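In case you want the letters, here they are:
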Amino acid sequence: MNARIYTLILGAMVMAGLPALQVKAQSGADMDRFIDELMQQMTIEEKIGQLNLVTAGEVTTGSVVSTGVEAKIKEGKIGGIFSMTTPKRIRAAQELAVNQSRLKIPLIFGLDVIHGYKTIFPIPLGLAATWDLGLIEETARISAVEAAADGLNWTFSPMVDVSRDARWGRISEGSGEDTYLTSRIAEAMVHGYQGNNLAADNTLMACVKHFALYGAAEAGRDYNTTDMSLHRMYNEYLPPYKAAIDAGAGSVMTSFNDINGVPATANKWLMTDVLRDQWGFHGFVVTDYTAVNELMDHGLGDLQEVSARSLQAGIDMDMVGEGFLSTLKKSLDEGRVSEVDIDRACRRILEAKYQLGLFDDPFRYCDESRAERTLLAPAHLAKAREVAGKSFVLLKNDQQLLPLKKKGTVALIGPLANTGSNMPGTWSVSADLEHTPSLLEGMRALLGEQVNIIHHQGANLLEDADYQERATMFGRTIPRDDRPEAEVLAEAVATAQQADVIVAALGESSEMSGESSSRTDIGIPAIQQRLLAELLKTGKPVVLVLFTGRPLTLGWEDAHVPAILNVWFGGTETGKAVADVLFGDVNPSGKLPATFPQHVGQVPLYYSHKKTGRPLAEGQWFQKFRSNYLDVSNDPLYPFGYGLSYTTFAYGEISLSRDNLPSNGVLEVYVDVRNTGNYGGEEVVQLYISDVAGSITRPVKELKGFQKIWLEPGQSKRVVFELTVEDLKFYDANLDHVAEPGEFVVAVGTNSRDVQEGRFTLTD
Ligand code: NOJ
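Residues numbered from 1 in each chain as written. Predicted model: local features only at pLDDT ≥ 70, side-chain atom pairs only at ≥ 80, totals over all residues. Heavy atoms only, no water.

Draft legend 1. Quick look at the overall build of the protein chain. Each helix and strand in the protein chain was counted, giving 23 helices and 27 strands. Considered along the principal axes of its C-alpha atoms, the protein chain spans approximately 85 × 65 × 50 Å. Counting across all 764 residues of the protein chain, residues that qualify as buried make up 60%. Restricting the contact set of the protein chain to residue pairs at least 6 apart, pairs at least 24 apart contribute 77%. Carbon together with sulfur atoms contributes 49% to the accessible area of the protein chain, which is approximately 27,300 Å² in total. (Helix = DSSP H or I, 4+ residues; strand = E, 2+ residues; numbered from the N terminus. Buried < 20%, exposed > 50% of the residue type's maximum accessible area, 1.4 Å probe, protein only. Contact = heavy atoms within 4.5 Å. Areas by Shrake-Rupley, 256 points an atom, 1.4 Å probe, with all protein chains shown as cover.)

Draft legend 2. Main features of the sheet that holds strand S5 (residues 207-211). Strands sit in the order S5-S6-S9 across an open sheet of 3 strands; the sheet is parallel. Two strands bound the open sheet, and with one partner strand each, they are S5 and strand S9 (284-286). Strand-to-strand twist of the sheet, defined as the mean angle between neighbouring strand axes without regard to direction, takes the value 25°. Sheet topology places strand S6 (residues 251-254) next to S9; 3 bridges connect them, and they run parallel. Bridge pairing links Val-252 to Val-285 in S9. Along the sheet, helix H10 (residues 239-246) contacts S5 and S6; its crossing angle with S5, the most-contacted strand, is approximately 160°. (Pairing = 2+ DSSP bridges. Axes fitted to C-alpha atoms, helices over the stretch in contact; angles between N-to-C directions.)

Draft legend 3. How the structure looks around the domain arrangement of the protein chain. In terms of domains, the protein chain is made up of domain 1 (3-19 + 28-371), domain 2 (381-602) and domain 3 (649-762). The distance between the C-alpha centroids of domain 2 and domain 3 comes to 35 Å. Taken together, the contact between domain 2 and domain 3 spans 5 residues of the former and 9 residues of the latter. In total, about 620 Å² of surface goes out of reach between domain 2 and domain 3, with carbon and sulfur atoms giving 42% of it. Of all residues in domain 2, Asn-587, Ser-589 and Lys-591 give up the largest surface area on contact with domain 3, accounting jointly for 67% of the area buried on that side. (Domains from an automatic or database assignment. Buried area = accessible area lost by both parts, 1.4 Å probe.)

Draft legend 4. Looking closely at helix H13 (residues 303-313). Among the residues of H13, Gln-304, Val-306, Ser-307, Ala-308, Ser-310, Leu-311 and Ala-313 are the ones counted as buried. Buried residues in H13 make contact with helix H11 (268-278), helix H12 (291-298), helix H14 (323-333) and helix H15 (339-355). One or two residues past the end of H13 sits Gly-314, with phi positive at roughly 125°.

Draft legend 5. Fine view of the sheet that holds strand S22 (residues 702-711). Spatially, the 5 strands line up as an open sheet ordered S19-S27-S26-S21-S22, and their pairing is mixed. Each edge of the open sheet carries a strand with a single partner, namely strand S19 (660-661) and S22. In the sheet, S19 pairs with strand S27 (residues 755-762) via 2 bridges, with the strands oriented parallel. Residue pairing across strands places Asn-660 opposite Thr-761, the latter belonging to S27.

Draft legend 6. Fine view of the pattern of salt bridges. Following the criterion strictly, the structure yields 48 salt bridges and no others. Of the charged contacts, one joins Lys-77 and Glu-75 as a salt bridge, the two residues approaching to 3.0 Å between their closest N and O atoms. The partner of Arg-170 in a salt bridge is Glu-515, with the nearest N and O atoms 3.4 Å apart. Pair noted here: Arg-170 is in the loop between strand S4 (154-155) and helix H8 (179-194) and Glu-515 is in the loop between strand S14 (501-507) and helix H21 (526-537), with a separation of 345 residues, a long-range link. You'll find Arg-170 and Glu-515 in the same group, each marked buried. Through salt bridges with shared partners, a single network forms among Glu-305, Lys-330, Glu-334 and Arg-336. (Salt bridge = Lys/Arg side-chain N within 4 Å of Asp/Glu carboxyl O.)

Draft legend 7. Representation of the confidence of the model for the protein chain. Per-chain confidence: the protein chain averages 95 in pLDDT, with 95% of residues scoring 70 or above. In the predicted structure, residues 1-26 sits below a pLDDT of 50 and forms 47 contacts with residues beyond four places in sequence or in another chain. (pLDDT = per-residue confidence, 0-100.)

Draft legend 8. Representation of the state of the cysteines in the model. If you walk through the whole model with that rule in mind, you get 0 disulfides. Left without a disulfide partner, Cys-346 is nearest to the cysteine sulfur of Cys-207, which lies 18 Å away. The class for Cys-346 is buried, based on a relative accessible area of 0%. (Disulfide = S-S within 2.5 Å.)

Draft legend 9. Fine view of unusual backbone geometry. That bond from Ser-157 to Pro-158 is cis: its omega, 10°, falls within 30 degrees of zero. Structurally, Pro-158 is set in the loop between S4 and H8. Residue His-210 is bonded to the preceding Lys-209 through a cis peptide linkage, with omega at -5°. Locating His-210 in the fold gives a position in strand S5.

Shown next, in the form of structure tokens:
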């Protein structure tokens, strides 16, 4: 519907005795006037209806699926729908709202567009491994272009939950362990989705989630409790949400977890004091899936009580559970909530719809021919292949085994070798699983007749069939071979023996990470390790292509396998992109956004930890009465920021433009980086700072800048970082954001461990 048709409807409303509304330009005052006039005509039931978000049932992450959707739309009892796609279906639902409901208020349509829509990009943890903000923004832009072409206007992304616990399955959906990296990615994604104009027909409204601290669930168990000091919250976990909001994100989703005794969805301090009063957020807040109802299981009272409490905490929209719809009117009549509370929430949702241009033209996202032209466009697929290649992290490459030569026979072995449906990775609900090439298909597409590729599945994904079923849901199947393991292994080894080199495609299936996929053992499953051991026994060179949605414990693999390429889940073009890297068309440049521990018992293990009062002496891994373990050193297997290249980079000495940084000044840090190998390649130059002494304890090191540079063989570049007092600020014991004068260490290097240091003093 365009503005003209809306005006006709309004004309009819005038005739019916209702004052006319006019759609006007998108200035604040015009929007306010428009919504004032609209709300004056709304009954309390219609206002509560706007707060109701239902699912069309295509994607469900809980037990409830909405019923009677069509009738409710007509009655004005629904504000938005999620998990409905295609211009045709969305147009039909929108027509019910704008033609058959009393006030013709359009619906908002959302979906989990997490790392791509039809063209799927690497899982977010893989995207973070690119350390390429421009590229990440482009992936969000393409996701928005595709999703908006298919009828949608709202995405439940970015997920910016910092997580330092690899047991937590949803670490795959975020940007890893670091506050700074996650914050910069959060901004890039919001810009990518929303563009410069939310009302454009190719943008989506972003939804920052899961507010807050969802990634700090106790013991890495999904949906579990979070309990955290305020200064850790403000310094380490909250900044990415704030960065996304400062970048203009239009909406926020609550998290499921309890926070220091009050679940996020009922947490007034979090949703109002922090989000609105301290951060000035003006958009709307939606709950996570049935999160209001789940407050009953948290033990906060019955549905009426928890619904009232959520509304008063500052929640605007109730996802799926219909606690608001079914109880708020009663609570209003009983004086448990006020009309002001309901109006506030309703207004915020109407504002979002106004900003999306839905009152102007509710069908602006419903052009079927645009969908046909846009989805899986060749340029989108080319970008997906490029990004995937840049997300892979080369963990080990003894004697330059990689890249492989494009000749001879390669044996591709393992349960992840020929499964297209697992390549997109978790939370890729709109992916076309039928037409996603597997690694085997990708290698054959790249190499044609040049290389003889032979294949064997080698092992089941998991020994336990029930576990494998849980790990291959939503069509992400991997066939099982139920013959005795020894028989299958013997066949695989016989295949491997015919080859010059073995590529072992092992690790997790895509559904072994993601929502409700926490693990206590974060190694490669034992049955696959046994396969790997047999392949190594052949004496042939073995390359491990590792699929994973989380940091894994790879001590044995690191000790025995000569080359390890971690490819996460690279999206639609994974198969081709892995082939590009294995055979040297692309030089890997990814760096780990999360620490890989030696042992799961070290978790949470992260580079920016605090100092202890009993640190180890330099060069020692165990000392009695010092902070350590008896059996394993405190070191990670692979540190944050780590990743190799087919080439090598040499760092010159770092230098600083000054010794003292006045609080209004700029300090420059210089380092020359040279490509000393034989391949052109990209390097991520990382800058960390540490505050030598503070009023509260400070992390040993914090990322404060990075630059990704391309160097041809023999080429050298000077990298310059600028530091100001802003980079040195933190939240002190009073939660004041301060920089304290004194000495700082600045460290620059190729990862968080291998750095060179300089020192400077912040003066008053
Ligand atoms: C539950 C998940 O926690 C959330 O991330 C997602 O956006 C919603 N379900 C909607 O699918």
